[in-house]
Amino acid sequence: MKAILNKEIQKYINANLTTDLHSLLLKKSPFPEVSMQEIVQQIKGKKVAQKKFPYLLKEGIVFPPNLNLEQASSQATAEFKAQSLKGKSFIDMTSGFGIDAYFLSQNFEEVTLVEQNSDLLKIVKHNWTILDREANFINENLENFLKQNGQTYDSVYLDPARRDEHKNKKFLLEDLSPNLLEIQNQLLEISDRIIIKLSPLIDISYLISALKNVVEIHIIAVRNEVKELLVFVHSKKDKSQTTITCINLESEEEFFSFNYEEEKSAESEFSEPLRYLYIPNNAVLKSGGFNSISVKFNLKKIHPNSHFYTSDELVEDFPGRVLKVEIIDSKQIRKGEKFNIISKNYPLTPDEIKKKYKILDGGNDYLIFSQTQKNKIILKSV
Ligand SMILES: C[S@@+](CC[C@H](N)C(=O)[O-])C[C@H]1O[C@@H](n2cnc3c(N)ncnc32)[C@H](O)[C@@H]1O
């Protein structure tokens, strides 16, 4: 690691940030002490950092292999998660490249990072010195750490890794390392507040039934792409007290929270499309709060299976897209016109619709193909 920090080598890395990496890999390293692979890895790291964690674009920072860069959280989500966290002691039990740990531990006095991969932890330790941050770095398998640990912590954070990224089956907690089901009792013994980051692919109702004492779940999207689920497990929980909050970062949209148990008894009313159409953002769609959102914003649904809502009066602060619409007849669609096409609960896909009506993608107007409880419909934004 020391060699890569050599001034000349760093200069070479910075001078090659836009060079084609395949052709660079075919060249011989100009420095006997480091290979071209090592140099290219640092270039890749800096490129990822430009978008994903710009706070690491600093002299002296070292980047790990691709897998660790991919597994790391983004600065945007880590900063958001850090907002409500503070206390005396914080432990990140799956530190990885330490992006989450860096932000989440900001408002704690004592910080501990556990990571089983020693090369990775060495890099994090080095970087934290550059960043002027202190922590206890523990290179240990979490299961062993828990056996030996006699301390309690104000907040425990975990971001488990998928054992097999390409397993194409139902996403279960057993597929993660560490296996949360095996350690959850031990975790609850050492902290009142456990925070777990999980993939958005995991099913929320499964999560609530498999894990003990889930009090809150945050569904975090960035610009409408759902990035992660953040699960809060507390040592004490009232029955029926699970709040789900949908968050769309880097958008103007408000957060939307609902009670998981109340969703089951909430009921939506239905209506044919009125003047405004509401399309929930992807965090809300992931949450399954389809009745709660209808009740909270006093909106009617147009069909049980298509999550489109409608009202005559404009409702502000809806977490998603709001369009003023009119129902049109298919004969009104003119060849060659440009539309953003949305098709939900309708027999044709957007591509098939484009072909059928000879229309193009793009422009500012929307065409929405769906069905109500009575008929198939086409809505056009006005
Ligand atoms: C998804 S990454 C964490 C990324 C991190 N949150 C970040 O922002 O950089 C998960 C990490 O947990 C570590 N890990 C997995 N199972 C572990 C275990 N049983 N004990 C200790 N570390 C473990 C992996 O080596 C990996 O680096």
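Our structure is the block above this text.
The structure presented is a predicted model; accordingly, all values stated were derived computationally and were not measured. Each chain carries its own residue numbering, running from 1 in the direction its sequence is written. Note on the predicted model: pLDDT of at least 70 is required for a residue's local features to be given, and 80 or more for side-chain atom pairs to be given and counted; whole-chain, interface and lining totals, by contrast, use all residues. Each side-chain value is derived from all of the structure's non-hydrogen atoms; neither hydrogens nor water enter the calculation.

Asker: Tell me about the site of the ligand, residues and numbers included.
Answerer: One heavy atom within 4 Å of a molecule or strand makes the whole residue count as near it. Within the structure, the ligand sits among 21 residues, and D100, E115, L142, D159 and S177 are positioned closest to it. Two N or O atoms count as a polar contact when they lie within 3.5 Å, although within protein this holds only if one can serve as hydrogen donor and the other as acceptor, and sequence-adjacent residues are included solely when both atoms are side-chain atoms. Take I99: an N or O atom from its main chain is 3.4 Å from an oxygen atom of the ligand. Within the backbone of Q116, an N or O atom sits 3.5 Å from a nitrogen atom of the ligand. Reported accessibility uses the Shrake-Rupley method at a 1.4 Å probe radius. Residues are deemed covered only where the shown protein chains occlude them. In the complex, 95% of the free accessible area of the ligand, which totals 610 Å², lies under the protein chains. What counts as a helix is a DSSP run of H or I of at least four residues, what counts as a strand is a run of E of at least two, and both are numbered from the N terminus. For the shell around the ligand, the secondary-structure elements that each account for two or more residues are helix 6 (99-104) and helix 8 (142-148). Looking at the shell around the ligand residue by residue, the class counts come to seven nonpolar, nine polar and five charged. Residues were grouped as follows: Ala, Val, Leu, Ile, Met, Phe, Trp, Tyr, Cys and Pro as nonpolar; Asp, Glu, Lys and Arg as charged; and all remaining residues, including Gly, as polar.

Asker: Please set out the nonpolar core residue by residue, giving values where relevant.
Answerer: By size, the foremost hydrophobic cluster in this structure holds 52 residues, and its most contacted members are I39, F53, Y55, L56, F97, I99 and W128. Three or more residues apiece are contributed to this core by two domains, here domain 1 (3-63) and domain 2 (70-259). Among residues more than four places away in sequence, those in contact with I99 are F53, Y55, L56, A72, S73, S74, Q75 and A78. L173, I183, L188 and I293 belong to the second largest nonpolar core, which has 50 residues in total. Grouping buried Ala, Val, Leu, Ile, Met, Phe, Trp, Tyr and Cys residues that are joined through side-chain atoms within 4.5 Å yields what is termed a nonpolar core. The rule is simple: take the accessible area with a 1.4 Å probe, protein chains only, and divide by the maximum for that residue type; under 20% is buried, over 50% is exposed, in between is partly exposed. Each domain's extent is set by a domain assignment, obtained either automatically or from a database. Note on contacts: a residue pair is in contact if any heavy atoms of the two residues lie within 4.5 Å.

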